[in-house]
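This is what each chain is made of:
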Amino acid sequence: MSDLNKLGLAQARDALRKGDTTSVELTAACLSAIEAAGALNAFVHKTPELALDQARAADARIAAGDAPAMCGLPLGIKDLFCTKGVPSQAGSRILEGFLPEYESTVSQNLLDAGTVMLGKLNMDEFAMGSSNETSVYGNAVNPWRRGNDDAALTPGGSSGGSAAAVSADLCLAATGTDTGGSIRQPAAFTGIVGIKPTYGRCSRWGVVAFASSLDQAGPMTKSVRDAAMMLTTMCGHDPKDSTSADLAVPDFEAMLTGDIKGKQIGIPREYRMDGMPEEIETLWTQGTDMLRDAGASIVDITLPHTKYALPAYYVIAPAEASSNLARYDGVRYGHRATLGQGDGITEMYEKTRAEGFGPEVQRRVMIGTYVLSAGFYDAYYNRARRVRTLIKKDFENVFADGIDAILTPATPSAAFGLGDMTDADPIQMYLNDVFTVTVNLAGLPGISVPVGQDKQGLPMGLQLIGRPWDEGDLLNTAYALEGAAGFVAKPGKWW
Amino acid sequence: MLDLTYDLPKIKTIAGAKHDWELVIGMEVHAQISSSAKLFSGASTKFGAEPNSNVAFVDAAMPGMLPVINEYCIEQAVRTGLGLKAQINLKSAFDRKNYFYPDLPQGYQISQLYEPIVGEGEVLVELGDGTARLVRIERIHMEQDAGKSIHDMDPTMSFVDLNRTGVALMEIVSRPDIRGPEEAAAYLAKMRQILRYLGTCDGNMQNGNLRADVNVSICLPGQFEKYMETQDFAHLGTRCEIKNMNSMRFIQQAIDVEARRQIAILESGGTVDQETRLYDPDKGETRSMRSKEEAHDYRYFPDPDLLPLEIEQGWVDDIAASLPELPDAKKSRFINDFGLSDYDASVLTADVESAGYFEAVAQGRDGKLAANWVINELFGRLKKEGHDITDSPVSPQQLGGIIELITKGDISGKIAKDLFEIVYSEGGDPADIVEARGMKQVTDTGAIEAAVDKVIADNPAQVEKARANPKLAGWFVGQVMKATGGKANPKAVNELVSKKLAG
């Protein structure tokens, strides 16, 4: 078989089972694609030898008839996941040289299912960013370009390296994490599928924390089927994470029937934003029509507190981050600044953190410190928590009214140019999360599905939001949308 | 069971240059929960291990590591709350207290600010002079201990030992009901006693397993009563917190020194700053720990890594049913059932082991006699030898045997002391020893009479003197006792000597 790296997970799994290919061949194809894709800067730590060892072991298991669910499938892992003995830097200088002595639960689940790790993927520093430009490794680049314009575009963020790698067929699929949209926005920018499951579905153990009450891992894949398959493997109760749900994980792939007749799809009026590009508006209408045509009924709904979500998110997430990132102090691991004569512990902290954290991380640590400080706590943090409760209630109300899923745009625009936001107010960048943060605040599952292309040929995605713990139903609706949209475009190879 | 009643202790006042001042003291007792594993990790809590050997990934705050609550520690906190007659909160939550220090790897301490596991309770603090103070407990919360920074191993570097990091502590917060240095020490002693009874903290102050932050303020007479009436702190003075005290003696000194410092400030027209201070026992002074610029803003917020802690009433009830008899109840029972004095009952209930020993000795025997023997002979001897009740060479059965021999009149009190010595150093069954060594008391009046007659006959000059001065009869008693090898019943000897001398 040729172009093995272009296969999706389910296709490759079936080919492996039939004996049409081997994991070593699949892995080698991915490794050479990675080697040829330096310009995308997607993989930041490559593990080819480890990958080939794992591939050989997988082939042996397949031959022995002992193949677990994802045996032999080569993946990329976001740099936010701690991977045993492999650099795990969260895209930050402050974790320079850090080699975990442990494997995150999610990546361990994937290894236990027989997957092959190709290496670690680029990301915004500590998952803080929407363009991949805050990465210490320099940004990953979107494989998609506007028409014949060769201006480099962002793959989105924070899981931009994962999105670029999957979109450019450097791997069959990748892990991402999503705190405010970090899976769904880059998936939409690169024409792939990305799902953030219900908060508590995936263990956070071993994933470098950004905002603990919002962070969730999820798959970034070439199809909804692949997402269903990979999510089934990633999920599961983990006693090492107190916020992990002790619930059985169904076989999500088996729940994909494509039949959504009688489902009620909510269209929230508050997501119709001023200044939204017409193409996004049109895409949303098209997606609505596709679901209606597939037999779902379309219901106008209201989520009245939506407009407060972004400000609340940008209080809660930095607050938690300011505390979560306090451990990066140069004392035990990672970067430590060179100290001058007479420098004490305070100087060590200040210099280490000033050198180790980039400007966006520093900004958020400062915002978070500010909103938690005495005298401001109630006005900011507590107020944001109340808003969060109201947003959650908004969703509960519509689900109680019988809505099965909610359809919204995934992003307010298609991928933008790298550097376009450099001089902009940081709020402009934060607006990228406007459609996605509500889902994190409410702890709900959300999936981004590629549905169409803009006039310049860039992919655009729609988001479906589901009931908590009902990823199976959500994936099935996404599967129907994917089928109706028939999005098959791939970026022209220029790298 | 009778409840014990006490008078209120006299409030300690300190005379200033202008007038008298009263002390108002509240304490935060940090008690290490007796648990083999830490509060949020499985790492060992064993004291004295090699530096950094009892450290799990989460204790070292490695990236992505998460805390998981140790259920056993929760049980111990609930048990402690029940032992202090406190409200148990079925829902509590953990918060992060944020500050930077090298021995605090996470950059925050997980604690319970907003919703502690235990609410209001109380402790009766006896002062040993028939008075006692009822001190209100405001709350108990669980939190992580920090590690240890070591600054004296190298001239240019500091080292950190994380063995203690994450060990479970209970912080037991009192209301400011303590009114003097002695009361503060007695409060901590009582708290230690209760914790040790409950088995929730070993009370080892030397190892730092029990330590206290002491809040001290001063006020003019009458102000405290206004505070008690209104619960409005405005009636009280500004407090200073003396951190990390682990000696009863130093606590008393520090309170006295701090109160006098505050009096001097106020009487010279100044104001006391609310701050944390350290006591320096060498210099006999308290010192400010940090300047205002360095004052911490802990930025407390709910720990998003931990869900709120919910426990069930049934579980709490089970723990309540398994509580041991506590010091107050035991002391009251000893007074009522064994007829002990308040003092003896206090001494014997100081710790569970002593109380248990005493009860084993006293069961079915003369309680007062048993108390005398345990306190005066056994404790005295153990103390001399540097032993503890738990490694006493004399078992309760042996001591009980000695007491039985006394009660039966088989041996005199004096012989009993000799017998105790033999049992203590050589062991053996007291009754067998008495039999084998002929230590049994002679109550045969014929034999005693013969001995008395012989002494009188041998000492005519003494007889003359004694007849003139009956007080000298004691000399004859002594001689008879000597002649009988101490085995004669002293009462019988006394009577016979008096009779013969008179006749």
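Model, not experiment: these values are computed from the prediction.

Conventions used here
- Residues numbered from 1 in each chain as written.
- Chains lettered and ligands numbered in written order.
- Predicted model: local features only at pLDDT ≥ 70, side-chain atom pairs only at ≥ 80, totals over all residues.
- Heavy atoms only, no water.
- Phe/Tyr/Trp six-rings, centres within 6.5 Å; stacked < 30°, edge-to-face > 60°.
- Helix = DSSP H or I, 4+ residues; strand = E, 2+ residues; numbered from the N terminus.
- Buried < 20%, exposed > 50% of the residue type's maximum accessible area, 1.4 Å probe, protein only.
- Pairing = 2+ DSSP bridges.
- Contact = heavy atoms within 4.5 Å.
- Axes fitted to C-alpha atoms, helices over the stretch in contact; angles between N-to-C directions.
- Disulfide = S-S within 2.5 Å.
- Parallel < 35°, antiparallel > 145°, perpendicular 65-115°, else oblique.
- Left-handed = near helix turned anticlockwise from the far one by under 90°.
- Nonpolar A, V, L, I, M, F, W, Y, C, P; charged D, E, K, R; others polar.
- Salt bridge = Lys/Arg side-chain N within 4 Å of Asp/Glu carboxyl O.
- Polar contact = N/O pair within 3.5 Å; in protein donor to acceptor, adjacent residues only side chain to side chain.
- Core = buried A, V, L, I, M, F, W, Y, C linked by side-chain atoms within 4.5 Å.
- Buried area = accessible area lost by both parts, 1.4 Å probe.
- Patch = residues over 30% accessible without salt bridge, like charges linked within 9 Å, V, L, I, M, F, W, Y side chains within 5 Å.
- Areas by Shrake-Rupley, 256 points an atom, 1.4 Å probe, with all protein chains shown as cover.

Caption draft 1: The arrangement of the packing of aromatic side chains in detail. Residue and element names in this part refer to chain A. In this structure the tally under the stated criterion is 32 aromatic pairs over all chains. A centroid spacing of 3.9 Å and a plane angle of 10° characterise the contact between Tyr-314 and Tyr-430, whose relative ring orientation is stacked. Of the two residues, Tyr-314 sits in helix H9 (residues 309–324) while Tyr-430 sits in helix H13 (residues 426–430), which places them 116 residues apart along the sequence. A relative accessible area of 10% places Tyr-314 in the buried class.

Caption draft 2: Just the sheet that holds strand S15 (residues 301–302) of chain B, in detail. If you trace the three strands from one edge of the open sheet to the other, you get S5-S4-S15 (chain B), paired in antiparallel fashion. With partners counted over all chains shown, the strands left at the sheet margins are strand S5 (108–111) and S15 of chain B, one partner each. The pairing of strand S4 (residues 95–98) of chain B with S15 of chain B spans two bridges and is classified as antiparallel. Residue pairing for S15 of chain B: Arg-96 of chain B is matched across the bridge by Phe-301 of chain B. On top of the sheet, H9 of chain A reaches S4, S5 and S15 of chain B; it is set at about 60° to S4 of chain B, its chief contact.

Caption draft 3: Quick peek at the state of the cysteines. Residues and elements named next belong to chain A. Counted under the stated rule, the structure contains zero disulfides over all chains. We note that Cys-71 lacks a disulfide partner, and the nearest cysteine sulfur, in Cys-30, lies 15 Å from it. By relative accessible area, which is 6% here, Cys-71 ends up buried. Left without a disulfide partner, Cys-235 is nearest to the cysteine sulfur of Cys-202, which lies 4.2 Å away.

Caption draft 4: View of the packing of helix H2 (residues 23–35) of chain A against helix H3 (residues 48–63) of chain A. Residues and elements named next belong to chain A. Between H2 and H3, the shortest axis-to-axis distance is 8 Å and the interhelical angle comes to 160°. The angle between H2 and H3 falls in the class roughly antiparallel. Two packed elements cross with a definite hand, and for H2 against H3 that hand is right-handed. Between H2 and H3, the residues in contact are Ser-23, Val-24, Thr-27 and Leu-31 and Pro-48, Ala-51, Leu-52, Ala-55, Arg-56, Ala-58 and Asp-59, respectively.

Caption draft 5: Fine view of the packing of helix H6 (residues 327–338) of chain B against helix H8 (residues 352–362) of chain B. Residue and element names in this part refer to chain B. Viewed as axis vectors pointing N to C, H6 and H8 meet at an angle of 20°, and their least axial separation amounts to 12 Å. Considered as vectors, H6 and H8 are oriented roughly parallel to each other. As for the relative orientation of H6 and H8, their crossing is left-handed in sense. Together, Lys-330, Arg-333, Phe-334 and Phe-338 of H6 and Ala-355, Phe-358, Glu-359 and Ala-362 of H8 make up the contact between the two elements. Grouping the constituent residues of the contact of H6 with H8 by class yields five nonpolar, no polar and three charged.

Caption draft 6: Up close: the pattern of salt bridges. Enumeration according to the criterion identifies 65 salt bridges over all chains in this entry. Between Asp-343 of chain A and Lys-351 of chain A there is a salt bridge; the shortest N-O distance is 2.6 Å. The shortest N-O distance in the salt bridge between Lys-500 of chain B and Glu-449 of chain B comes to 2.8 Å. A residue pair is termed long-range when its members are at least 10 positions apart, and Lys-500 of chain B in helix H16 (residues 490–502) and Glu-449 of chain B in helix H13 (residues 445–458) qualify at 51 residues. Among the residues examined, Lys-500 of chain B registers a relative accessible area of 21% and is labelled partly exposed. Glu-449 of chain B gets classed as partly exposed once you look at its relative accessible area, which sits at 30%. If you follow the salt bridges from partner to partner, you end up with Arg-204 and Asp-241 of chain A together with Arg-96, Asp-303 and Asp-305 of chain B in one network.

Caption draft 7: Local environment of the pairing of strand S11 (residues 210–219) of chain B. All names here are of chain B. Across the ten residues of S11, ten count as buried, placing the element largely inside the fold. Residues of S11 alternate between two faces, with Leu-210, Ala-212, Val-214, Val-216 and Ile-218 on one and Arg-211, Asp-213, Asn-215, Ser-217 and Cys-219 on the opposite face, all of them buried. The sheet contact formed by strand S2 (residues 20–32) and S11 spans ten bridges and is antiparallel. Across the sheet, residue Glu-28 finds its bridge partner in S11, namely Asp-213. Sheet topology places S11 next to strand S12 (residues 240–245); four bridges connect them, and they run antiparallel. Directly across from Ala-212, in S12, lies its bridge partner Met-245.

Caption draft 8: Geometry of the side chain of Gln-262 of chain B. Residues and elements named next belong to chain B. Assignment of secondary structure puts Gln-262 in helix H4 (residues 248–267). Within the structure, the side chain of Gln-262 is placed 2.7 Å from the side chain of Glu-258, a separation counted as a polar contact. With near-sequence residues (within four places) excluded, Gln-262 lies in contact with Val-216, Ser-217, Ile-218, Thr-238, Cys-240 and Val-272.

Caption draft 9: Representation of the nonpolar core in the model. Phe-126, Leu-170, Phe-395 and Leu-475 of chain A are the most contacted members of the largest nonpolar core, which has 158 residues in total. Of the residues forming this core, the biggest block, ten residues, is contributed by H9 of chain A. Residues Trp-21, Val-118, Ile-251 and Ile-263 of chain B belong to the second largest nonpolar core, which totals 100 residues.

Caption draft 10: Structural view of the interface of chain A and chain B. Facing the 40 residues of chain A at the interface are 30 residues of chain B. In terms of surface lost to chain B, no three residues of chain A exceed Tyr-102, Ser-242 and Arg-327 of chain A, which account for 21% of the buried area on that side. Applying the counting criterion to the chain A and chain B interface returns one salt bridge. A salt bridge links Arg-204 of chain A to Asp-305 of chain B, with the shortest nitrogen-to-oxygen separation between them at 3.1 Å.

Caption draft 11: Molecular detail of unusual backbone geometry. Residue and element names in this part refer to chain A. Along the chain, Gly-157 connects to Ser-158 via a cis peptide bond; the corresponding omega equals 5°. Tracing the chain through its elements places Ser-158 in the loop between strand S3 (116–121) and helix H5 (160–167). In the Ramachandran plot, Asn-41 falls in the positive-phi region, its phi being about 50° despite a non-glycine side chain. As for its placement among the helices and strands, Asn-41 is situated in the loop between H2 and strand S1 (43–46).

Caption draft 12: A look at a nonpolar patch on the surface. On the surface, Tyr-370, Phe-376 and Tyr-380 of chain A cluster together to form a nonpolar patch covering roughly 270 Å² of accessible area. The residue Phe-376 of chain A is located in the loop between helix H11 (359–372) and helix H12 (378–400) in this model.

Caption draft 13: Molecular detail of the side chain of Thr-352 of chain A. Residue and element names in this part refer to chain A. Considering the arrangement of structural elements, one finds Thr-352 in helix H10 (residues 345–356). Relative accessible area serves as the criterion here: at 0%, Thr-352 is assigned to the buried category. The residues contacting Thr-352, other than those within four sequence positions of it, are Ile-94, Asp-329, Gly-330, His-335, Arg-336, Ala-337 and Glu-347.

Caption draft 14: Representation of the sheet that holds strand S6 (residues 216–221) of chain A within the structure. All names here are of chain A. Read across the open sheet, the eleven strands follow the order S1-S3-S2-S4-S6-S5-S10-S11-S9-S7-S8; overall the sheet is mixed. Every interior strand has two partners, whereas the edge strands, S1 and strand S8 (297–301), have only one. Averaged over all pairs of adjacent strands, the angle between strand axes in this sheet comes to 30°, irrespective of strand direction. Pairing of strand S9 (residues 405–409) with strand S11 (residues 459–466) involves five bridges; the strand directions are antiparallel. Across the sheet, residue Ala-405 finds its bridge partner in S11, namely Gly-466. Each of S1, strand S2 (74–78), S3, strand S4 (173–178) and S6 is contacted by H5, which is oriented at about 155° to S4, the strand it contacts most.

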